Amino acid sequence: MDNNISTRLQQITATIPSGVQLVAVSKFHSAEAIQEAYNAGHRIFGESRAQELKQKFEILPNDIQWHFIGHLQSNKVRMLLPMVSLFHSIDSLHLLRTVNEEAKRVNIVANLLLQVHVAKEETKFGFSPDEIIDVVKSTIIKELHNISVRGMMGMASNTEHTPTITTEFEQLFYIFSEIKSLNIFQSFDILSMGMSHDYKLAIQCGSNMVRIGTDIFGIRQY
């Protein structure tokens, strides 16, 4: 693998079709590494820890679009809201309400994705496939005026068994399409699925946003 971040970024970008957004997953990597990717023209970066994101936000260019891709704790929402352009990991009604309340407090509309759990690992978070349909159809979500539900995020099982990964990505795409067809949300247009090891398959299965870290930045620095 080439040691140059900008070169690797260009190589990855060349494999991603038009219409698919790349989130460069910069968690656990230095501000200098992010700056190098920024200098190569990239603007969307993904972080998973609130304090780490805050530190980077304060010293890196202000036109970066920061995506929060980690498990979101309610007590971190207030800190993150002014910095984050898209939350990927909204996995409960409680969290939906919390983000809405904090966004209302500062008079903004927060963009977010609903995380759906289809993978075999119990350690992954998210609404179950049945639960997510009930949530989006509920009157509760219609009363939350300071959030914009932009789409869905999901992960496949951590396995090398391609048929399993394919089945799970296809299930996520089916759920995404079902919710989109309900016309509940104004701009339900993002399906975030696929990482360094499976993003090409995710794109084949309908993903239009991929989260790639290792293939761009290499093994985490800290």
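This report concerns the structure included in the present document. All of these numbers come straight from a predicted model, not from anything done at the bench.

Digging into the packing of helix H1 (residues 5-13) against helix H2 (residues 31-39)
Stage number 1. Contact geometry for H1 and H2: axes closest at 8 Å, N-to-C directions at 55°. Here H2 runs oblique to H1, going by the angle between their axes. The handedness of the crossing between H1 and H2 comes out as right-handed. Contact with H1, carried on its side by Ile5, Ser6 and Leu9, involves Ala33, Glu36 and Ala37 of H2 and no other residues of that element.
Stage number 2. Of the residues belonging to the contact of H1 with H2, the class tally is 4 nonpolar, 1 polar and 1 charged.

Overview of the environment of Met83
Stage number 1. Relative to the helices and strands, Met83 is located in the loop between helix H4 (77-80) and strand E4 (84-90).
Stage number 2. Separated by 51 residues in the primary sequence, Met83 and Glu32 have C-alpha atoms spaced 19 Å apart.
Stage number 3. Setting aside anything within four residues of it in sequence, one finds Met83 in contact with Leu53, Lys54, Phe57 and Trp66.

Notes on the packing of aromatic side chains
Stage number 1. Tallying each qualifying case throughout the model produces 5 aromatic pairs.
Stage number 2. Arranged with centres 6.5 Å apart and planes meeting at 55°, the rings of Phe68 and Phe87 form a pair that is tilted. In this pair, Phe68 is assigned in strand E3 (residues 65-68) and Phe87 in strand E4, connecting sequence segments 19 residues apart.
Stage number 3. Phe87 gets classed as buried once you look at its relative accessible area, which sits at 0%.
Stage number 4. Ring centres of Phe173 and Phe176 lie 6.5 Å apart, and the angle between their planes is 35°; this geometry places the pair in the tilted category.

Comments concerning helix H3 (residues 50-59)
Because an α-helix completes one turn every 3.6 residues, residues spaced three or four positions apart along the sequence face the same direction.
Stage number 1. Along H3, the positions that sit buried rather than exposed are Ala50, Glu52, Leu53 and Lys56. Viewed along the axis of H3, the buried residues span an arc of 160°, placing them on a single side of the element. In H3, the exposed positions angled more than 90 degrees off the buried face are occupied by Glu58 and Ile59.
Stage number 2. Buried positions along H3 lie against H2, strand E2 (44-47), E3, H4 and E4.

Cut-offs and rules
Residues numbered from 1 in each chain as written. Predicted model: local features only at pLDDT ≥ 70, side-chain atom pairs only at ≥ 80, totals over all residues. Heavy atoms only, no water. Axes fitted to C-alpha atoms, helices over the stretch in contact; angles between N-to-C directions. Helix = DSSP H or I, 4+ residues; strand = E, 2+ residues; numbered from the N terminus. Parallel < 35°, antiparallel > 145°, perpendicular 65-115°, else oblique. Left-handed = near helix turned anticlockwise from the far one by under 90°. Contact = heavy atoms within 4.5 Å. Nonpolar A, V, L, I, M, F, W, Y, C, P; charged D, E, K, R; others polar. Phe/Tyr/Trp six-rings, centres within 6.5 Å; stacked < 30°, edge-to-face > 60°. Buried < 20%, exposed > 50% of the residue type's maximum accessible area, 1.4 Å probe, protein only. Arc of directions from axis to C-beta.

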